[in-house]
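Chain by chain, the residues run as shown.
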Amino acid sequence: MAINNHKKLVLGAWIAAIVVIAAFFAAAYALSGGPATPVPSPLTGVYPGKGKKCVAPVAVMRRYHMQFLLHQRDLTVHEGVRTKRFLLTNCVDCHADPKTHSVLGKHGFCASCHAYAAVQIDCFSCHSPHPERVTTAFADDLAPQHSRLAEMVKATAITQIQSDPVDGSQ
Amino acid sequence: MSIDRRQFLAVGGAVVASAALAPGMRLIELAQARSPDQAVSNLQRWGMLVDTTRCSEGCSACVTACNKENGLEQDIRLDIRPQWIRKVTLRDENTGYVQTLPMMCQHCEEPPCADVCPTGASFRRADGIVLVDRHICIGCRYCMMACPYKARSFVHENLTDQRAEIPRGKGTVEACNLCVHRVDEGRIPACVEACNADGGKALAFGDINDPASDIAKRLATQQSAEIRADLDLNTGVRYQGL
């Protein structure tokens, strides 16, 4: 009998414990306000870009985009090399949110990730976060003169993207 | 159909002539249209020729075009607003003769701004355009003091709505860059374009190292002068009629 009583007590303790734990989770669920939210991601609500794919594999861009930009900036400023592939304006043209026309703001392509990683970017205190056609009030004046070279540059950029494998050595 | 000896020689001569011409034509084409992945070289030197006799006192088409092209029309106090090109009025005190001219960075071969720059931000590009690399400019403004032409400006305030091709920002020095973004595309600076369209056609732009260019031909055959020639800076901008 004593053994039976002991078994009943243990069973009762288990049931009580399960009830208490269940009550705890029920309370936590009720307090949290519904189904569990996913882990916050810097990419939530961010416009990925209008192109089909980036100028380099996504993993490479995430790791090395700043090296590419720094390398390109020196080439452009000092040597006049204006290949489009890693040009900041090219990034902005593709990644600017069509609603805000910007890579900044809460869901901006650059700003959201940098806010998440707590890395401050100074690029856009000088560089425009908007695609050129939005900032330029007189884009129409420029368009006809631009076209020939724009086509040439575009063609170069596209062939480069297709032919150059990126190994992060640039 | 047969061809006689005379016809054969004529056709043969034409073929030889075109074969001889073609490489030369290609060379000229290559010299003018640099592909975007090619670095600038000192084979070219961009320069400007200002004919002050055609520059009228009331006209400021070049200044307006520059401000518009480079996004300088910002809401900044007038006394500190950056200015890349300005009209200067000269008056002969003895005769009262008045003339005006546009004044901007003279794109010296030996730029004093680059000499004094402590970080190397002021530099002369291989093709003669004097620039500021704002990425490494610390805003010390030594270059502004060194420039004999008062051509440079300092950005005192935060800027917004810069043009995508013309990044500019607070704390750096800037000046005329001969519209380098346009020159790299094979176009001419905005001031020259505006002067030829709306002004007195006083400005000419081109490669002064290319003997075939209009500007080089004019420089070779007509009088022109540097401003402050005594400083021996060999400026890329030269003036006529001073």
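Residues numbered from 1 in each chain as written. Chains lettered and ligands numbered in written order. Predicted model: local features only at pLDDT ≥ 70, side-chain atom pairs only at ≥ 80, totals over all residues.

Trainee: Is there a simple way to think about the overall build of chain B in this case?
Mentor: Counting its regular elements, chain B contains seven helices and nine strands. Taking as baseline every contact in chain B between residues at least 6 positions apart, the subset at least 24 positions apart corresponds to 60%. (Helix = DSSP H or I, 4+ residues; strand = E, 2+ residues; numbered from the N terminus. Contact = placed C-beta atoms within 7 Å.)

Trainee: Would you take a moment to explain the pairing of strand S8 (residues 203–207) of chain B for this structure?
Mentor: The two faces of the sheet receive side chains in turn, since in a regular strand these alternate between them. All names here are of chain B. In terms of residue burial, S8 counts as a mostly covered element, since five of its five residues are buried. Sheet topology places strand S1 (residues 46–51) next to S8; five bridges connect them, and they run antiparallel. For Trp-46, the partnering residue across the bridge sits in S8 and is Asp-207. (Buried ≥ 20, exposed ≤ 12 C-beta atoms within 10 Å, placed from the backbone. Pairing = 2+ DSSP bridges.)

Trainee: It is not clear to me how the interface of chain A and chain B should be interpreted in this structure. Could you clarify?
Mentor: Think of interface size as the accessible area that goes away when the parts come together; that is how it is often given. Across the boundary between the two partners, chain A contributes 24 residues, which contact 24 residues of chain B. Contributing elements (two or more residues each) for the side of chain A that touches chain B: helix H2 (58–79), helix H3 (88–95), helix H5 (123–126), helix H6 (132–135) and helix H7 (139–163) of chain A. Looking at the side of chain A that touches chain B residue by residue, the class counts come to eight nonpolar, twelve polar and four charged. (Nonpolar A, V, L, I, M, F, W, Y, C, P; charged D, E, K, R; others polar.)

Trainee: What is the right way to read unusual backbone geometry from this model?
Mentor: Among all residues except glycine, the phi angle is most often negative; among peptide bonds, the trans geometry is most common. Located in the positive-phi region is His-101 of chain A, a residue other than glycine, with phi close to 55°. As for its placement among the helices and strands, His-101 of chain A is situated in the loop between H3 and helix H4 (109–117). Of the residues examined, His-101 of chain A has 15 C-beta atoms within 10 Å and is grouped as partly exposed. Backbone geometry places Lys-150 of chain B, a non-glycine residue, at a positive phi of 50°. On the secondary structure map, Lys-150 of chain B appears in the loop between helix H4 (142–146) and strand S6 (153–154). A count of 13 C-beta atoms within 10 Å places Lys-150 of chain B in the partly exposed class.

Trainee: Can you walk me through the pairing of strand S2 (residues 85–91) of chain B in this structure?
Mentor: All names here are of chain B. As paired strands, S2 and strand S3 (residues 98–104) are joined by seven bridges and run antiparallel to one another. The partner of Leu-90 across the bridge, within S3, is Gln-99. Once S2 ends, the chain turns through six residues before running back antiparallel as S3, passing Gly-96 with a positive phi of about 80°.

Trainee: Whenever I open this one, the nonpolar core confuses me. Can you help?
Mentor: Nonpolar side chains tend to gather and get buried jointly when the protein is soluble and globular. Residue and element names in this part refer to chain B. Grouped together as the largest cluster of nonpolar side chains are 46 residues, with contacts concentrated most on Val-50, Cys-62, Cys-66, Cys-176, Cys-191, Cys-195 and Leu-203. If you list the elements that add at least two residues to this core, you get S1, helix H2 (61–69), strand S5 (130–132), helix H5 (180–183), helix H6 (190–197), S8 and strand S9 (237–240). For this core, the element with the most residues is H6, which contributes five residues. Discounting residues that sit within four places of it in the chain, Cys-62 has contacts with Ile-85, Pro-102, Cys-191, Ala-194, Cys-195, Gly-199 and Leu-203. (Core = buried A, V, L, I, M, F, W, Y, C linked by C-beta atoms within 7 Å.)

Trainee: Can you walk me through the sheet that holds S8 of chain B in this structure?
Mentor: Within a beta sheet, neighbouring strands are joined by backbone hydrogen bonds and run either parallel or antiparallel to one another. Residues and elements named next belong to chain B. Taken in spatial order, the three strands make up an open sheet running S8-S1-S9, and their pairing is mixed. At either margin of the open sheet sits one strand with a lone partner, and together these are S8 and S9. Adjacent strand axes in the sheet meet at a mean angle of 20° when their direction is disregarded. By the bridge criterion, four bridges tie S1 to S9 in an arrangement that is parallel. (Axes fitted to C-alpha atoms, helices over the stretch in contact; angles between N-to-C directions.)

Trainee: Would you take a moment to explain the environment of Val-55 of chain A for this structure?
Mentor: Tracing the sequence through the fold places Val-55 of chain A in the loop between helix H1 (2–32) and H2. Considered as a pair, Val-55 of chain A and Ser-41 of chain A are 14 residues apart in the sequence and their alpha carbons are 23 Å apart.

Trainee: Would you mind showing me how to read the environment of Asp-75 of chain B here?
Mentor: All names here are of chain B. Tracing the backbone shows Asp-75 in the loop between H2 and S2. Looking at Asp-75, the number of C-beta atoms within 10 Å reads 9, which means it is exposed. Sequence separation between Asp-75 and Val-180 is 105 residues; the distance between their C-alpha atoms is 24 Å.

What is shown is where atoms sit, not what they do.
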